[in-house]
Amino acid sequence: AQSVAQPEDQVNVAEGNPLTVKCTYSVSGNPYLFWYVQYPNRGLQFLLKYITGDNLVKGSYGFEAEFNKSQTSFHLKKPSALVSDSALYFCAVRVTVNMLTFGGGTRLMVKP
Amino acid sequence: SQTIHQWPATLVQPVGSPLSLECTVEGTSNPNLYWYRQAAGRGLQLLFYSVGIGQISSEVPQNLSASRPQDRQFILSSKKLLLSDSGFYLCAWGGGRGSGEAFFGQGTRLTVV
């Protein structure tokens with residue numbers, strides 16, 4: 001079955017430091033992978049996606065994600081974290097043409 | 001551009017009362033529409049999705065139902081709410097054509113008391 005896993009419930013990082021939020025996937029065939037961010041009491045906002053092509057995908061708010069086929073990973077990264085990046089982050093994979101499945105979410109805390 | 005509207009933002013309802021949450025999409029036609037529930041601020045559970053008017057797929061058995069009376073309108077309902085129905089409900093559109101990403105509404109915080 002198609003699935004994604006986010007192994008960390010929470011990631012803590014100091015402002016200005018690089019951040020990584022991890023995601024691994026299990027799919028048959030070529031994966032369509034996505035990252036979303038959720039601020040408190042708000043809907044999910046689409047950040048970026050990987051469909052094909054370059055393994056490094058750039059998205060909104062300075063975020064990027066690296067697709068690694070051999071490690072079946074799609075980690076979210078940012079070179080310099082901001083306090084305002086503190087939020088809940090979700091990785092997702094397309095399981096059918098009509099449906100995504102989401103990871104359990106990782107809470108990112110950026111401290112000043 | 002496409003926009004999605006979901007209301008109300010917050011709702012407090014007594015146990016046993018009915019529920020109706022509405023979601024509408026603008027700027028696109030024949031979208032796939034989804035209802036998710038998020039409990040305790042974490043994982044998302046897909047409740048229903050629809051690929052067209054009157055076409056509803058239910059992902060989990062529950063006290064809820066969904067309807068799609070118009071192309072860009074998706075309604076989540078219950079005849080009698082349970083305490084366990086409390087949560088954050090999210091409507092989304094997308095999927096299908098293209099790469100499949102979904103775009104979410106702002107959510108409804110439902111508290112059943």
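Described in the following lines is the structure provided in the data block.

### A short note on the sheet that holds strand β8 (residues 73-78) of chain B
Picture the strands of a sheet paired through backbone hydrogen bonds; they go either parallel or antiparallel.
All names here are of chain B.
Piece 1. Strand order in the open sheet formed by four strands is β1-β3-β8-β7, with antiparallel pairing between adjacent strands. The two strands at the open ends of the sheet, each matched to only one other strand, are β1 (3-7) and β7 (65-70). Shown here is a sheet whose adjacent strand axes are inclined to one another by a mean of 20°, direction ignored.

### Observations concerning the packing of aromatic side chains
Piece 1. Tallied over the full model, the rule gives 16 aromatic pairs over all chains.
Piece 2. Ring centres of Phe46(A) and Phe103(B) lie 5.9 Å apart, and the angle between their planes is 65°; this geometry places the pair in the edge-to-face category. Of the two residues, Phe46(A) sits in strand β6 (residues 44-50) while Phe103(B) sits in strand β10 (residues 102-104), which places them in two different chains.
Piece 3. Measuring from ring centre to ring centre gives 6.1 Å for Tyr34(B) and Tyr49(B), while their planes differ by 25°; the resulting arrangement is stacked. Here Tyr49(B) lies in strand β5 (residues 44-52) and Tyr34(B) lies in strand β4 (residues 32-38), a separation of 15 residues in the sequence.
Piece 4. Residue classification places Tyr34(B) among the buried positions, given a relative accessible area of 2%.
Piece 5. Take Tyr49(B): its relative accessible area is 15%, and that puts it in the buried class.
Piece 6. An aromatic cluster is defined as three or more aromatic residues linked by ring pairs; in this entry it consists of Tyr36(A), Phe46(A), Phe90(A), Phe102(A), Tyr34(B), Tyr36(B), Tyr49(B), Trp93(B), Phe103(B) and Phe104(B).
Piece 7. Directly above the ring of Phe63(A) sits Lys78(A), whose terminal nitrogen or CZ lies 5.0 Å from the centroid.

### Looking at the pattern of salt bridges
Residue and element names in this part refer to chain A.
Piece 1. Across all of its chains, the model carries six salt bridges over all chains by this definition.
Piece 2. The salt bridge partner of Lys58 is Glu64, with a shortest N-O separation of 2.9 Å.
Piece 3. On the accessibility criterion, Lys58 (62% relative accessible area) is exposed.
Piece 4. With a shortest N-O distance of 3.0 Å, Glu66 and Lys77 are connected by a salt bridge. In this pair, Glu66 sits in strand β8 (residues 64-68) while Lys77 sits in strand β9 (residues 73-78), placing the two residues eleven residues apart along the sequence.
Piece 5. Note on Glu66: relative accessible area 35%, which makes it partly exposed.

### Some points on the nonpolar core
Piece 1. Among the nonpolar cores identified, the biggest contains 26 residues, and Trp35(A), Leu47(A), Leu48(A), Phe74(A), Leu76(A) and Tyr89(A) are the most heavily contacted of them.
Piece 2. Top contributing element to this core by residue count: strand β10 (residues 87-96) of chain A, with four residues.
Piece 3. Counting residues in hydrophobic clusters, the runner-up holds 20 residues, among them Leu21(B), Trp35(B), Phe74(B) and Cys91(B).

### What to know about the state of the cysteines
Piece 1. This structure, assessed with the given rule, holds two disulfides over all chains.
Piece 2. Paired by a disulfide, Cys23(A) and Cys91(A) hold their sulfur atoms 2.0 Å apart. The disulfide joining Cys23(A) to Cys91(A) has a torsion of about -60° about its S-S bond and is therefore left-handed. One end of the pair, Cys23(A), is in the loop between β3 (19-21) and β4 (24-26); the other, Cys91(A), is in strand β10, and 68 residues separate them in sequence.
Piece 3. On the accessibility criterion, Cys23(A) (0% relative accessible area) is buried.
Piece 4. The class for Cys91(A) is buried, based on a relative accessible area of 0%.
Piece 5. The partner cysteine of Cys23(B) in its disulfide is Cys91(B), sulfur to sulfur 2.0 Å. Negative torsions about the S-S bond denote left-handed disulfides, and the value of about -75° found for Cys23(B) with Cys91(B) makes this one left-handed. Linking Cys23(B) in strand β3 (residues 19-26) with Cys91(B) in strand β9 (residues 87-94), this pair joins segments that are 68 residues apart in sequence.
Piece 6. According to the relative accessible area criterion, Cys23(B) is buried, its value standing at 0%.

Rules used in this analysis
All residue numbers refer to positions counted from 1 along the written sequence of the respective chain. Chains carry letters and ligands carry numbers; both start at the beginning, A for chains and 1 for ligands, and go up in the order they are written. With the structure being a predicted model, the display of local features is reserved for residues of pLDDT at least 70 and the display and counting of side-chain atom pairs for 80 or more, all residues being used for whole-chain, interface and lining totals. Only hydrogens and water are set aside when side-chain values are computed; all heavy atoms of the structure are taken into account. Only when DSSP finds a minimum of two bridges between them are two strands counted as paired. Where helices and strands are cited, they refer to DSSP runs of H or I of at least four residues and of E of at least two residues respectively, numbered from the N terminus. Only C-alpha atoms enter the line fits that serve as axes; for helices the fit covers just the stretch in contact. Angles between N-to-C directions range over 0 to 180 degrees. Stacked, tilted and edge-to-face are the three classes assigned to paired rings of Phe, Tyr and Trp, where Trp is represented by its six-membered ring and a pair needs centres within 6.5 Å; plane angles under 30 degrees give stacked, over 60 edge-to-face, the rest tilted. Whether a residue is buried, partly exposed or exposed follows from its accessible area with a 1.4 Å probe, protein chains only, as a fraction of its type maximum: under 20%, in between, or over 50%, in that order. Charge-over-ring contacts are defined here by two conditions on Lys NZ or Arg CZ: a distance within 6 Å of the ring centre and an angle within 35 degrees of the ring normal. The rule for a salt bridge is simple: a side-chain nitrogen of Lys or Arg has to be within 4 Å of a carboxyl oxygen of Asp or Glu. Remark: nonpolar core denotes a set of buried residues (Ala, Val, Leu, Ile, Met, Phe, Trp, Tyr, Cys) joined through side-chain atoms within 4.5 Å. Cysteine sulfur pairs qualify as disulfides if the two atoms are within 2.5 Å.

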